[in-house]
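Spelled out, the chains give:
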Amino acid sequence: MQLEIITPEQKIFKGIADAVQLPGKDGLFQILDNHAPIISTLAEGMVKIDLADSYRKFDELSGQIEPDKSNDRILRLPIKGGVVEVSDNKVIVLAD
């Protein structure tokens, strides 16, 4: 699925992901390929991105994104809140 993570300052990430785990108001939830359309608010916490390929294939990563030291297909991004929209296999995270 196509994933975009955008903050008020910049586009943090754009790429293909197998799964995204997000901090919702009622706890963590995960979005997988072909997820039903949703819109949800996000709480403060960590976004976990399971990439389709190694993060090393990306030319550059935002300084806010932390590569997982034990798995080169996982990235983590701390957020303070925001909103996620899922539709037609595209995930857009508007994060603070």
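Let us look at the structure shown here. No experiment lies behind these values; they were computed from the predicted model shown.

The rules behind the values
Residues numbered from 1 in each chain as written. Predicted model: local features only at pLDDT ≥ 70, side-chain atom pairs only at ≥ 80, totals over all residues. Heavy atoms only, no water. Core = buried A, V, L, I, M, F, W, Y, C linked by side-chain atoms within 4.5 Å. Buried < 20%, exposed > 50% of the residue type's maximum accessible area, 1.4 Å probe, protein only. Helix = DSSP H or I, 4+ residues; strand = E, 2+ residues; numbered from the N terminus. Contact = heavy atoms within 4.5 Å.

## A word on the nonpolar core
What tends to happen in soluble globular proteins is that the nonpolar side chains get buried as a cluster. Ranked by internal contacts, the top residues of the largest apolar core, which has 22 residues, are Leu3, Ile5 and Val93. Of all the secondary structure elements, the ones that give two or more residues to this core are strand E1 (2-6), strand E2 (11-24), strand E5 (45-51), strand E7 (74-79), strand E8 (82-87) and strand E9 (90-95). If one sorts the elements of this core by residue count, E2 sits on top with five residues. Those residues in contact with Val93 that sit more than four places away from it in its chain are Leu3, Glu4, Ile5, Ile6, Leu22, Leu42, Val83 and Val84.

## Description of the side chain of Thr7
By secondary structure assignment, the location of Thr7 is in the loop between E1 and E2. Among the residues examined, Thr7 registers a relative accessible area of 9% and is labelled buried. Each residue touching Thr7, except ones within four places of it in the same chain, is listed here: Ile12, Gln64 and Ala95.

## Topic: unusual backbone geometry
We note that Asn34 has phi near 60°; this positive angle belongs to a residue other than glycine. Relative to the helices and strands, Asn34 is located in the loop between strand E3 (27-32) and strand E4 (38-42). Here Asp88, not a glycine, exhibits a phi torsion of approximately 50°, which is positive. Tracing the backbone through its elements, the reader meets Asp88 in the loop between E8 and E9.

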